[in-house]
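Residue-level structural notes
Given next are the chains, with one letter for each unit.
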Amino acid sequence: MKSSFILERKPEGDAEVKALIASIIIDGTGAEPIRNGIVIIEGEKISEIGPRGEVQIPSNAKVIDLEKRTIMPGMIDAHLHLMGVRSYNPAESIIMPHDLQVLRAAEDCFKLVKAGFTTVRDCGSSIALSLKRGINEGSILGPRVYAAGRPLSQTAGHGDIHFLPREDVISHGVLLCDGPDDCRRAAREALRDGSDFIKISTSGGVGSEKDNPWEAQFTVDEIKAITYEAHNVGKRVASHAQGALGVKNAILGGVDSIEHGYFLDEECVELMLKHGVYYVPTFALIEAYKRSVQTPYDMPQWRLRKQKMCIEAMPKSLMMAYEAGVKIAAGPDYFGAPLRAHGDNADEVIAMVRYGMKPMDAIVAATRNAAECIGIEKMVGTLTPGKEADVIALDGNPLENIESVKYVAYVMKAGSTFLSP
Ligand SMILES: [Zn+2]
């Protein structure tokens, strides 16, 4: 059946009531699915959920029968970048016309909703805060956006673009900072921009030329200055950390989530458990890294060399954390380039299952856990009465075939239907 994109006008006057019916409902909490279930929506919120027979359909409800499909919460991508780039050249977003960058990013927002993502966390992009504003005011279609805005990096760190003049990096929207006082200033700059959380890098990375994943970046004192400023105003800090030392420093410095964590050791896992830190393994990248060996697109040699180094370690780290019970949230770190195109973000859930996670746990990673990682679990992430009605329906049952997460037939965000079969 062909799906079509429609945008419903917001209901006026009395809240509109809808009843979604489907053969399977996965509520995002990890509980057993509901067979032959109904979700009742009043206005923007979920009012009731349960099996047919137990839940009565109100007489004024508009019934949307999704038949043999699976209903689940709108997916949440806990790590992406809305940058409007289509290339692996780290300077592309500086060279290309800014207008084109924004137009492409707006298209990416549209693709994300169509792919069933009703909320995303942007982990660093100079345009994401404006995209968020455009979506919230109704100018463009897109998911709910939580954005870091300008990321913080030490000089010569992962967020620095090593081959460009320093002034270009700063004007492009990276907050280069060194020493606790300067890090405090940079954190306050990000907060001044309106960042929803602060993104830092505490290790080198794959996409930065002159550093390496195992090298730690920022001292614990620098990290503490940043987390103090964020936590003081009720915001979180997410850290790009690939090598074990960068992971440990980040946790000891007080960050709330570890992004990537490709080279975890047992101490990293113990610290994540002890401090209740979320792990966002950006695991879909293992497939992108593997495929790039055959088809490198315009990736520079140094990137290809570092990608290869990560392939072996990534599944070991994921499984070590998973089996120990670390809270895992899904986010593929896609940014728009080939192999990492927006719209394919459910690749993360598929990759997690392919390398050993149970399908239900991978779904929870992309729903409840991702909401908790962002700190919006009271609003979205599960199909629970009182929460925003972010609901999708899939062709097929993802518990039997995880690839179903890419066959999105229906999308509702905050009670409004965006995609309908
Ligand atoms: Zn990222």
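Structure: see above.
Only a predicted model underlies this, so the values are computations on that prediction, with no experimental measurement involved. Going along each chain's sequence as written, the residues are numbered from 1 onward. Only residues with pLDDT of at least 70 are given local features in this predicted model, and only at 80 or more are side-chain atom pairs given and counted; all residues enter the totals for whole chains, interfaces and linings. Remark: hydrogens and water are excluded; side-chain values derive from all non-hydrogen atoms of the structure.

Right, let's talk about the pairing of strand E17 (residues 408-413) for a bit. For E17, a buried count of six out of six residues is recorded, marking the element as mostly surrounded by other parts of the structure. The sheet contact formed by strand E16 (residues 391-394) and E17 spans four bridges and is antiparallel. Opposite Val391, over in E17, you have Met412 as the bridge partner. Bridge count for E17 against strand E18 (residues 416-420) is three bridges, and the pairing is antiparallel. When the bridges of E18 are listed, Val411 appears paired with Leu419. DSSP-based pairing: two strands are paired if at least 2 bridges between them are found. By the criteria applied, helices consist of DSSP H or I runs no shorter than four residues and strands consist of E runs no shorter than two, each listed in order from the N terminus. Between the end of E17 and the start of E18, which pair antiparallel, lie two residues, with Ala414 showing a positive phi angle near 50°. Only protein chains enter the accessibility calculation, which uses a 1.4 Å probe; a residue whose area is less than 20% of its type maximum is buried, one above 50% is exposed, and one in between is partly exposed.

Right, let's get into the coordination of the zinc ion. Tetrahedral coordination by four donors places them ideally at 109.5 degrees to one another around the metal; octahedral coordination by six donors ideally gives 90 or 180 degrees. The donor definition counts N, O and S atoms within 2.8 Å of each metal and applies 3.2 Å to Na, K and Ca; water is not among these atoms, so some sites may look incomplete. His79 (NE2), His81 (NE2) and Asp333 (OD) make up the full set of protein donors to the zinc ion, lying at 2.1 to 2.2 Å. Sequence spacing of the donors to the zinc ion: H-x1-H-x251-D. Owing to a relative accessible area of 0%, His79 belongs among the buried residues under this scheme.

Take Ile161: it is sitting in the loop between strand E10 (152-153) and helix H4 (166-172). We call two residues in contact when some of their heavy atoms are within 4.5 Å. With near-sequence residues (within four places) excluded, Ile161 lies in contact with Pro90, Ile94, Val169 and His172.

Side-chain atoms within 4.5 Å link the members of a nonpolar core, which is a set of buried Ala, Val, Leu, Ile, Met, Phe, Trp, Tyr and Cys residues. Counting 87 residues, the largest nonpolar core has Leu152, Ile198, Ile200, Ile226 and Ile258 as its most contacted members. Annotation comment: domain bounds sourced from an automatic or database domain assignment. Taken together, domain 1 (4-74 + 383-420) and domain 2 (75-374) each give at least three residues to this core, which thus spans both. Beyond its immediate sequence surroundings of up to four residues, Ile258 is in contact with Ser239, Ala241, Val247, Ala250, Ile251, Met272, Val277, Tyr278, Tyr279 and Val280. In this structure, Ile25, Ile34, Ile41 and Met412 belong to the second largest nonpolar core, which totals 17 residues.

All right, on to the pattern of salt bridges then. It is possible for side chains bearing opposite charge to pair when their charged atoms get close. By salt bridge we mean one thing: a side-chain nitrogen of Lys or Arg within 4 Å of a carboxyl oxygen of Asp or Glu. Going through the model one piece at a time under the given rule, you end up with 25 salt bridges. Arg188 serves as the salt-bridge partner of Glu229, at 3.0 Å between the closest nitrogen and oxygen. Of this pair, Glu229 sits in helix H6 (residues 220-232) while Arg188 sits in helix H5 (residues 180-193), and the two are 41 residues apart along the sequence. For Arg354, the salt bridge goes to Glu287, with nearest N and O atoms at 3.1 Å. Taken together, the residues Arg354 in helix H12 (residues 347-354) and Glu287 in helix H9 (residues 285-294) connect sequence positions 67 residues apart.

This paragraph deals with the pairing of strand E13 (residues 236-241). In terms of burial, E13 is a largely internal element, five of the six residues being buried. Two elements, strand E12 (residues 197-201) and E13, share five bridges in a ladder whose sense is parallel. Note that in E13 the partner of Phe197 across the bridge is Arg236. Tracing the backbone out of E12, into H6 and back to the parallel element E13 gives a crossover that is right-handed. The pairing of E13 with strand E14 (residues 257-260) spans four bridges and is classified as parallel. Directly across from Ser239, in E14, lies its bridge partner Ile258. A right-handed crossover is one whose linking path, passing over the helix from the first strand to the second, runs clockwise when the strands point away from the viewer. The parallel pair E13 and E14 is bridged by helix H7 (residues 244-252), and the resulting crossover is right-handed.

With respect to the element layout, Asn345 can be found in the loop between helix H11 (313-324) and H12. Not counting chain neighbours up to four residues away, the residues in contact with Asn345 comprise Asp77, Leu80, Leu112, Phe117, Pro332 and Tyr334.

Aromatic pairs are defined between Phe, Tyr and Trp rings, using the six-membered ring for Trp, whenever the two ring centres lie within 6.5 Å; interplanar angles under 30 degrees are classed as stacked, those over 60 as edge-to-face, and all others as tilted. Applying the stated criterion across every chain, the model contains three aromatic pairs. Measuring from centroid to centroid gives 5.7 Å for Tyr88 and Phe335, while their planes differ by 85°, and the two rings are edge-to-face. In this pair, Tyr88 sits in the loop between strand E7 (75-80) and helix H1 (92-95) while Phe335 sits in the loop between H11 and H12, placing the two residues 247 residues apart along the sequence. On the accessibility criterion, Phe335 (10% relative accessible area) is buried. Between the aromatic rings of Phe283 and Tyr355, the centroid separation amounts to 5.1 Å while the plane-to-plane angle is 75°, which identifies the pairing as edge-to-face. Taken together, the residues Phe283 in the loop between strand E15 (278-280) and H9 and Tyr355 in the loop between H12 and helix H13 (359-365) connect sequence positions 72 residues apart.

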